[in-house]
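A closer look at the structure
Below are the chains, spelled out letter by letter.
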Amino acid sequence: MAIARLSVGIGKKGKASPHAQYIAREGKYEKDNDSLEKLEHTGHGNMPAWAEHNPNYFWQSADEHERKNGSTYREHVIALPRELDSEQRHDLIKDWIDQEIGDKHAYQYAIHNPPAMDGKEQPHAHIMFSERTRDGIERDPDQYFKRYNGKNPERGGAKKANTGMKPADRKADLLAQRDRWEKTCNAHLEQAGRYERISMKSLKAQGIEREPTNFTMTQLKKPEVKDTYKSLLEAKEQDHQAKLDIIRVLEGTALTEINRQLRKKEEKAQKQKERKRTQKPTEPQKAPQATIATTTAPKPQREPIKATNIPIIEGQTVKEALEVRQGYEKMVALTAEKMRAKSLEPYKADMTRLAAEHKALKDNNSWFGKSKREKQMQELATEYKGVKRDFNAIKERDLTMQAKNYIKHKAPKAHAKHEQASETLNYHASFRYGATQAQAGRQYTGEITAVNRFGVMQKTPTGKKIYHDLDSFETLPNVGDRVTAIYNKDSKAELVPADKAELTRQTQQAELERQQSKGIELDR
């Protein structure tokens, strides 16, 4: 069950460097990464040149030079979905940093993954960033954290963002940020093919009538409180799984009554065929008297099922949804590249202009004003370096989220189609959850338990669920059919009536294994 949490904190003067060491597990906080609390990833960006290879020097300088009682950093502490793997979580945090911080503020981050109360993972991220805004002006550590000079920015420190905001505005800004995190996190869960989603809304806003469960670390150390909290977590997980089970069942229930009626007709026709076969039994051929050996009658061939009543499939299928998603992803990629090209144009123009001005000064061999020209050339080179750095940053930036937002507003029909396709694929993931995907070259025997737009579900005599794609069958089976699906090397399946003797054998084998397993557990 994905957990939703985003808190924003602030660090006072003298706290930045120790906290950066803590999140990066450096200095006295350094630990073996094989310990219980794992440090999954660390990183930093947008640092001034003098701290580019040593981010803690930046935070040390902030602690030293920021004004008394001033803030040295802000921090996001974010719970990450355990449903994503380590690299997927890292991509999510990098995407969030790119969206919320961009290239405007120096930052450092770390992803920790300690064990949770239920024994599973508890990944979370710490993102520290300076409120000082990067403006392309090179400043040394002493100047960087001075008061901003509006008239002559190069003489003062870097400007602080969000200064002078009223409490109500800050609260509204935080609520908007929490909403953006919900969308970003859910987009990554969707991209990973997961059906879990987070909600940053309050319990009341979600229509859940209970008080939030909050315990302090001191309370959680008490055995009785710890056991109670673990029970609450288990209850939440069971409730979540129950809801998913409902989703998986709902899509099959719409066709249940239709399939039941069709199955009745088919069973009636099948019984008539069986009756005809039993009325005219084939006489076994007698062996010649001169020989001892007898010939064995060949096994009757099972004819493929020819369904007279094909199930009705309503709504968007998985294949259709995947085609929509593929087209949408191409649209997003093309839009992102167009946005990137447009964003790079002014930087290209500035670089061309600065290079031309620098060349003109360099080609001037006159001794008159040489020192002034050298100073101008140095200033141009510094400016060119800053522009090129920004150019490269935009060139490497992932603009996927911005492209999606652009399409949402400029091409609402394409966005709506993608949302519908995403919903179909999410339901499909829920439908096939816990089932084994049928594979080419194998055969599966059992009862068909569901046939809908998400696929075909089959239950074997051993209780195992087998998922089949709709496209695997030339003719779809009906719910209740007991069949053997025989797959060829091209992943196409032929349906034949299940052999009753084989079904009985598998059922008895499964029961025997269950009894043996139960006996082993009792011996222990």
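Residues numbered from 1 in each chain as written. Predicted model: local features only at pLDDT ≥ 70, side-chain atom pairs only at ≥ 80, totals over all residues. Heavy atoms only, no water.

Remarks on the packing of helix H11 (residues 400-410) against helix H12 (residues 412-431)
- Contact geometry of H11 with H12 gives a least axis separation of 5 Å together with a crossing angle of 115°. Accordingly, the angle class assigned to the pair H11 and H12 is roughly perpendicular. Of the residues in H12, those in contact with Ile407, Lys408, His409 and Lys410 of H11 are Pro412, Ala414 and His415.
- Looking at the contact of H11 with H12 residue by residue, the classes come out as three nonpolar, two polar and two charged. (Axes fitted to C-alpha atoms, helices over the stretch in contact; angles between N-to-C directions. Helix = DSSP H or I, 4+ residues; strand = E, 2+ residues; numbered from the N terminus. Parallel < 35°, antiparallel > 145°, perpendicular 65-115°, else oblique. Contact = heavy atoms within 4.5 Å. Nonpolar A, V, L, I, M, F, W, Y, C, P; charged D, E, K, R; others polar.)

Re the nonpolar core
- Counting residues in each nonpolar core, the largest one holds 20 residues, and the members touching the most others are Ile78, Leu80, Ile93, Ile97, Ile127 and Trp181.
- Those elements that place two or more of their residues in this core are helix H3 (86-100), strand S4 (107-113), strand S5 (124-129) and helix H5 (167-191).
- By residue number, the principal contributor to this core is H3, which donates four residues.
- Each residue touching Leu80, except ones within four places of it in the same chain, is listed here: Arg89, Leu92, Ile93, Ile111, Pro123, His124, Ala125 and Trp181. (Core = buried A, V, L, I, M, F, W, Y, C linked by side-chain atoms within 4.5 Å. Buried < 20%, exposed > 50% of the residue type's maximum accessible area, 1.4 Å probe, protein only.)

Examining the side chain of Asp390
- Here Asp390 lies in helix H10 (residues 370-396).
- It is Arg389 that comes nearest to the buried, bridge-free Asp390 among opposite-charge side chains, at 4.1 Å.
- Ignoring any residue separated from it by four or fewer positions in sequence, one finds Asp390 in contact with Arg134 and Tyr347. (Lys, Arg positive; Asp, Glu negative; His and termini not counted. Salt bridge = Lys/Arg side-chain N within 4 Å of Asp/Glu carboxyl O.)

With respect to the pattern of salt bridges
- A full pass over the atoms with the stated rule returns 20 salt bridges.
- We note a salt bridge from Glu40 to Arg89, for which the minimum N-O separation is 2.6 Å. Here Glu40, found in strand S2 (residues 38-45), pairs with Arg89, found in helix H3; they are 49 residues apart in sequence, far enough to count as distant. The two residues Glu40 and Arg89 agree in class, both being buried.
- Taking the shortest distance from any N to any O, the salt bridge between Arg89 and Glu121 comes out at 3.5 Å. Taken together, the residues Arg89 in helix H3 and Glu121 in the loop between S4 and S5 connect sequence positions 32 residues apart.
- Residue class for Arg89 comes out buried when judged on its relative accessible area of 1%.
- In this structure, a network of salt bridges that share partners links the residues Asp350, Arg353, Glu357 and Glu383.

Description of the environment of Thr462
- Residue position: Thr462 is located in the loop between strand S8 (455-459) and strand S9 (465-468).
- Residues Thr462 and Gln509, 47 residues apart in the sequence, show an inter-C-alpha distance of 8.2 Å.
- In this structure the side chain of Thr462 is engaged in a polar contact, spanning 2.8 Å, whose partner is the side chain of Thr460. (Polar contact = N/O pair within 3.5 Å; in protein donor to acceptor, adjacent residues only side chain to side chain.)

A few points about the confidence of the model for the protein
- Averaged over all residues, the pLDDT of the protein equals 80, while 75% of them reach at least 70.
- Across the protein, the secondary-structure element scoring lowest on mean pLDDT is helix H7 (residues 223-253), at 55, and the one scoring highest is S5, at 94.
- For the stretch residues 246-259, pLDDT sits under 50, and the model shows 19 contacts to residues farther than four places along the chain or on other chains.
- Under a pLDDT of 50 for its full length, residues 520-524 has, in the predicted model, zero contacts with residues more than four places off or in other chains. (pLDDT = per-residue confidence, 0-100.)

Some remarks on the sheet that holds S5
- Taking strand neighbours across the sheet as the criterion, the five strands line up as S1-S3-S5-S4-S2 in an open arrangement whose pairing is antiparallel. Strands at the two margins of the open sheet, each flanked by one partner only, are strand S1 (6-12) and S2. Taking each pair of neighbouring strands and ignoring which way they run, the sheet shows an average axis angle of 15°.
- Those strands touched by H3 are S1, S2, strand S3 (71-79), S4 and S5, and its axis lies near 150° from that of S4. (Pairing = 2+ DSSP bridges.)

Here's the deal with H12
- Counted at 1.5 Å a residue, the expected span for H12 with its 20 residues is 28 Å, and the 28 Å between its end C-alpha atoms agrees.
- For H12, the complete set of buried residues consists of His415, His418, Ala421, Ser422, Thr424, Leu425, Asn426, His428, Ala429, Ser430 and Phe431. (Expected span 1.5 Å × (residues − 1).)

Digging into the pairing of S5
- Of all the six residues making up S5, six are buried; the element is thus mostly covered by neighbouring parts of the structure.
- In S5, alternate side chains face the same way, and those of His124, His126 and Met128 on one face and Ala125, Ile127 and Phe129 on the other are all buried.
- Direction of pairing for S3 relative to S5: antiparallel, over a ladder of six bridges. When the bridges of S5 are listed, Ala79 appears paired with His124.
- Here S4 pairs with S5 via six bridges, running antiparallel. For Gln108, the partnering residue across the bridge sits in S5 and is Met128.

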